[in-house]
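Okay, here's what each chain looks like letter by letter:
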Amino acid sequence: MNNRRKALLFGLATVAIWSTVASAFKIALRTLDPLQLLLVACGVSILALTAILAARGKLGEITRMGRKETLRCAGLGALNPFLYYVILFQAYDLLPAQEAQPINYTWAVTLSLLSVPLLGQKLSLKDLGAILLSYFGVVVISTHGNLLGMEFSSLKGVGLALGSTVIWALYWIFNTRSKAHPMAGLLLSFLTGFPLILAATLLFSELPPLEPAPLLSATYVGLFEMGITFALWLTAMKYAAQPDGGGTARVANLIFLSPFLSLVFIHFLVGETIHPATVAGLAFIIGGNLLMQYGPQKR
């Protein structure tokens, strides 16, 4: 099997798994509150990332980081996993999955907006058009297509979903100059974020119940939202970057399959009836992302 096919298979496997996590969030939140879900999921992801690094002989990368990189990765734990997932899970708790999931895909647009003050980048008219297109999609989804009525399922939920994109974008912006091994850096962030999650759980909630159903659903989130898929995606990109791999852009485009496939899982696993406005709004969001990322200036 050549590198092109390996990259495609690993990329498709990652997209398929990512497409299930919105459903997994909603199922887990039936028996756990957002902090309880995050506590278990983060603990599982730490174990998964540690096992993957150990299996690859890369666990020592954590100790080989320079002081600056160690402090950067440790500090980023406050953003991801702590703040990002606290806010995101709260949004999923308040919104139907078919609304929270597409809104979360506007993070790339948020990244472009924050890159202006934080990285000194400039926005073209095309970029501004892409931003308006994506946020118009958010309004279409949040109002179920009733643009004149402007009635939201949960205005707070929409605000939290959009707020999570700010945290996610900040995490990647602050990570742009990091020279740490990607998985080692992520593991360090999760190790420093876990005590914050535990403290918040003890202060504002309680430890999750030791029952099979909630623990299994949270374990799934920890493995496939925060742990294994990250390794699969890095592997796909590694093969794609090889001379016969076909290029990373080819694999990166697969990510746009995920939100539409996710709606299928949400319908059959969560039981939500997918509104036409959700599909239309998601199309606007993805269209805005494509316009921003793959225009002539972005190549």
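Below, the structure is looked at part by part. (Residues numbered from 1 in each chain as written. Predicted model: local features only at pLDDT ≥ 70, side-chain atom pairs only at ≥ 80, totals over all residues. Heavy atoms only, no water.)

With respect to the overall build of the protein
Where we set the bar: Under the scheme used here, helices are H or I runs from DSSP no shorter than 4 residues and strands are E runs no shorter than 2 residues, and both carry numbers assigned from the N terminus. Just to be clear, the radius of gyration here is over C-alpha atoms, and the globule rule we use is 2.2 Å times residues to the power 0.38. Only protein chains enter the accessibility calculation, which uses a 1.4 Å probe. A residue is then buried if its area is under 20% of the maximum for its type, exposed if over 50%, and partly exposed in between. In what follows, a contact means two residues having at least one pair of non-hydrogen atoms within 4.5 Å.
Looking only at helices and strands, one finds 14 helices and zero strands in the protein. Computed over C-alpha atoms, the radius of gyration of the protein comes to 19 Å, within 12% of the 19 Å expected from 2.2 N^0.38 for 299 residues, which places it in the range of a compact globule. Over its C-alpha atoms, taken along the principal directions, the protein stretches across nearly 55 × 50 × 40 Å. The buried share among the 299 residues of the protein stands at 48%. When contacts within the protein are restricted to residue pairs at least 6 apart in sequence, those whose partners lie at least 24 apart make up 85%.

Some words on the pattern of salt bridges
Oppositely charged side chains can form a pair if their charged atoms are brought close together. Threshold: Salt bridges, as used here, are contacts in which a Lys or Arg side-chain nitrogen is within 4 Å of a carboxyl oxygen on Asp or Glu.
Per the stated rule, a full pass over the model turns up three salt bridges. A salt bridge links Glu69 to Arg72; the nearest nitrogen and oxygen atoms lie 3.6 Å apart. Highlighted residues: Glu69 and Arg72, both in helix H3 (residues 67-76), separated by three residues, approximately one helical turn. Taking the relative accessible area as the measure of exposure, Glu69 reaches 12% and is therefore buried. Salt-bridge contacts for Lys126 lead to Asp127; the nearest nitrogen and oxygen are separated by 3.3 Å.

Quick notes on the packing of aromatic side chains
Applicable threshold: In summary, the pairing rule links any two rings of Phe, Tyr or Trp, Trp by its six-membered ring, whose centres are within 6.5 Å, and it sorts them by plane angle into stacked for under 30 degrees, edge-to-face for over 60 and tilted for everything else.
As enumerated under the stated definition, the model contains 13 aromatic pairs in all. Their ring planes at 80 degrees and their centres at 4.9 Å tell us that Phe25 and Tyr92 sit as a pair that is edge-to-face. Separated by 67 residues along the polypeptide, Phe25 in helix H1 (residues 3-28) and Tyr92 in helix H4 (residues 78-94) bring together distant segments of the chain. On the basis of relative accessible area, Tyr92 is assigned to the buried category, the value being 3%. For the pair Tyr171 and Trp172, a centre-to-centre distance of 5.4 Å together with 80 degrees between the ring planes defines the contact as edge-to-face.

Some points on unusual backbone geometry
Omega for the peptide link from Asn80 to Pro81 comes to 25 degrees, which places this bond in the cis form. Relative to the helices and strands, Pro81 resides in helix H4. Unlike most non-glycine residues, His144 shows phi in positive territory, near 60 degrees. Classification of His144 as partly exposed rests on a relative accessible area of 37%.

Some remarks on the packing of H1 against helix H11 (residues 228-240)
Our working rule: Between N-to-C directions, angles cover 0 to 180 degrees, with each direction set by a line fitted to C-alpha atoms, over the stretch in contact for helices. Every angle not falling under 35 degrees, over 145, or within 65 to 115 is termed oblique; those three ranges are roughly parallel, roughly antiparallel and roughly perpendicular. Throughout, a crossing is termed right-handed when the near helix is turned clockwise from the far one, and left-handed when it is turned anticlockwise from it by less than a right angle. Classification convention: Asp, Glu, Lys, Arg as charged; Ala, Val, Leu, Ile, Met, Phe, Trp, Tyr, Cys, Pro as nonpolar; all other residues, Gly among them, as polar.
With their axes 8 Å apart at the nearest point, H1 and H11 run at an angle of 155 degrees to one another. By the angle class used here, H1 and H11 are roughly antiparallel. At the point where H1 passes H11, the crossing takes the left-handed sense. Side by side, H1 and H11 meet where Asn3, Lys6, Ala7, Phe10, Gly11, Thr14, Val15, Ile17 and Trp18 of the first sit next to Thr229, Leu232, Trp233, Thr235, Ala236, Tyr239 and Ala240 of the second. Counted by class, the contact of H1 with H11 contains 10 nonpolar, five polar and one charged residues.

Brief notes about the layout of surface pockets
What counts, and what does not: Cavity means a closed set of points on a 1 Å grid over the protein atoms alone, one where a 1.4 Å probe fits but cannot get out, pocket means an open set with protein on both sides within 12 Å along at least 5 of 7 lines, and lining means a residue has an atom within 4 Å of a point. Grid points are joined across faces, edges and corners, and a volume is the space filled by probe spheres set on the points.
Within this model, the second largest pocket holds a volume of roughly 160 Å³. Every residue along the wall of the second largest pocket is listed here: Arg56, Lys58, His181, Pro182, Leu234, Thr235 and Lys238. Of the residues in the lining of the second largest pocket, the class split is two nonpolar, two polar and three charged.

Topic: the nonpolar core
Selection rule: The criterion is simple. A nonpolar core is a set of buried Ala, Val, Leu, Ile, Met, Phe, Trp, Tyr and Cys residues joined through side-chain atoms within 4.5 Å.
Counting 70 residues, the largest nonpolar core has Leu37, Phe89, Tyr92, Val221 and Met226 as its most contacted members. The dominant element in this core, judged by the number of residues it contributes, is helix H2 (residues 34-55), at 12 residues. Residue contacts for Phe89: discarding those within four places in its chain leaves Phe25, Leu29, Pro34, Leu37, Leu38, Val221 and Met226. The next biggest cluster of nonpolar side chains, apart from the first, holds eight residues, and it includes Val15, Ala236, Tyr239 and Leu254.

A short note on H11
Residue pairs spaced three or four apart in an α-helix point in one direction, given the helix's 3.6 residues per turn. Cut-off, in case you're wondering: Here, expected helix span is obtained from the residue count minus one, scaled by 1.5 Å.
If you check H11, its first and last C-alpha atoms are 19 Å apart, about what 13 residues at 1.5 Å a residue would give, namely 18 Å. At its buried positions, H11 is contacted by H1, H2, helix H9 (182-204), helix H10 (212-224) and helix H12 (248-252).

Some words on a nonpolar patch on the surface
Note the cut-off: Like-charged residues are merged into a patch within 9 Å and nonpolar side chains (Val, Leu, Ile, Met, Phe, Trp, Tyr) within 5 Å, provided each residue has over 30% relative accessible area and no salt bridge. Reported accessibility uses the Shrake-Rupley method at a 1.4 Å probe radius. Residues are deemed covered only where the shown protein chains occlude them.
Taken together, the side chains of Ile27, Leu261, Val264, Phe268 and Leu269 present a nonpolar region at the surface, about 450 Å² in accessible area. When residues of the nonpolar patch are assigned to their parent elements, the largest contribution, four residues, is made by helix H13 (residues 258-270). Structurally, Phe268 is set in helix H13.

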